[in-house]
Amino acid sequence: MKKIAVYPGSFDPITFGHLDIINRALKIFDEVIIAVAHNEQKKPLFTVEERVDMIKSVMKDNTRATVDTFDGLLVDYARSCKAQAIVRGLRAISDFEYELQMAQINRGISREVETVFLMTSVFYSFLSSSIVKEVYSLKGPIDGLVPPLVKKALDAKFNR
Ligand code: ADP
C-alpha cells in the first residue's frame, strides 16, 4: 500500500525549515501532499495561489511531493486524499501544546489518520515564516532562510 502523508500549513512563505521537514517526510512516505490552508484569519502576506506556485517551483524536481490547497477539517481532507498520516514539524516547547491539542482533536475525529511529528533540525529551530517576514521588513538578510525564488517574490511584493 502506498504510504501517503499530508503536510498542512500556511507556508506564508515556504522556508528552508518547511523544506527540511518535507525532505525528511519523503524518506518515510511514498508521497507527501503539501497542503496550503485557506486561512484568511491569519491575514497572509501571499495569496494561496502565490504560495502554491512558490512551493511548486521549489519542489518541481520531486515527483513524490505534490501541492494542493484545503479548507475545512484537515482530517476530512486527509481522508479524501487517502493519506494515512498528517506530518507536522515541532520547533520548540511553545509549538507542543497547540500541536498536542490538534493531534488529539484530530484523532478523536478519525482513528484512521495518525499525526507524525518531526523535530526541527538544529539549524532551523529558530526559523518561521513570520520571522522571515519580520527580518525582511527590517531590510535584514534572509538568504539562508528561504529559497532564492521566495526572496524574489518578497522583493516583488514590496517593490524592492
Ligand atoms: P501553521 O500556520 O499551520 O503553523 P506553518 O506554515 O507556520 O503553518 O507551519 C507548517 C508546519 O511546519 C507546522 O507543523 C510547523 O511547526 C512546521 N514548521 C515551520 N517551520 C519549521 C521549522 N523551522 N522547523 C520545523 N518545522 C517547522
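Residues numbered from 1 in each chain as written. Predicted model: local features only at pLDDT ≥ 70, side-chain atom pairs only at ≥ 80, totals over all residues. Heavy atoms only, no water.

Draft legend 1. Here's a closer look at the pattern of salt bridges. The tally for this structure, following the rule as stated, stands at 11 salt bridges. Its salt-bridge partner being D76, residue R79 comes within 3.0 Å of it at the nearest N-O pair. Linking R79 with D76, this pair stays in helix α3 (residues 74-80), spanning three residues, or about one helical turn. Among the residues examined, R79 registers a relative accessible area of 31% and is labelled partly exposed. Judged by its relative accessible area of 38%, D76 is partly exposed. Across the salt bridge formed by R79 and E112, the nearest N and O atoms sit 4.0 Å from each other. Residue R79 is found in helix α3, and its partner E112 is found in the loop between α4 (93-109) and β5 (114-119); the two are separated by 33 residues along the sequence. Taken together, the shared-partner salt bridges connect D12, R51 and K133 into one network. (Salt bridge = Lys/Arg side-chain N within 4 Å of Asp/Glu carboxyl O. Helix = DSSP H or I, 4+ residues; strand = E, 2+ residues; numbered from the N terminus. Buried < 20%, exposed > 50% of the residue type's maximum accessible area, 1.4 Å probe, protein only.)

Keep in mind that these numbers describe shape and distance, not what the molecule does.
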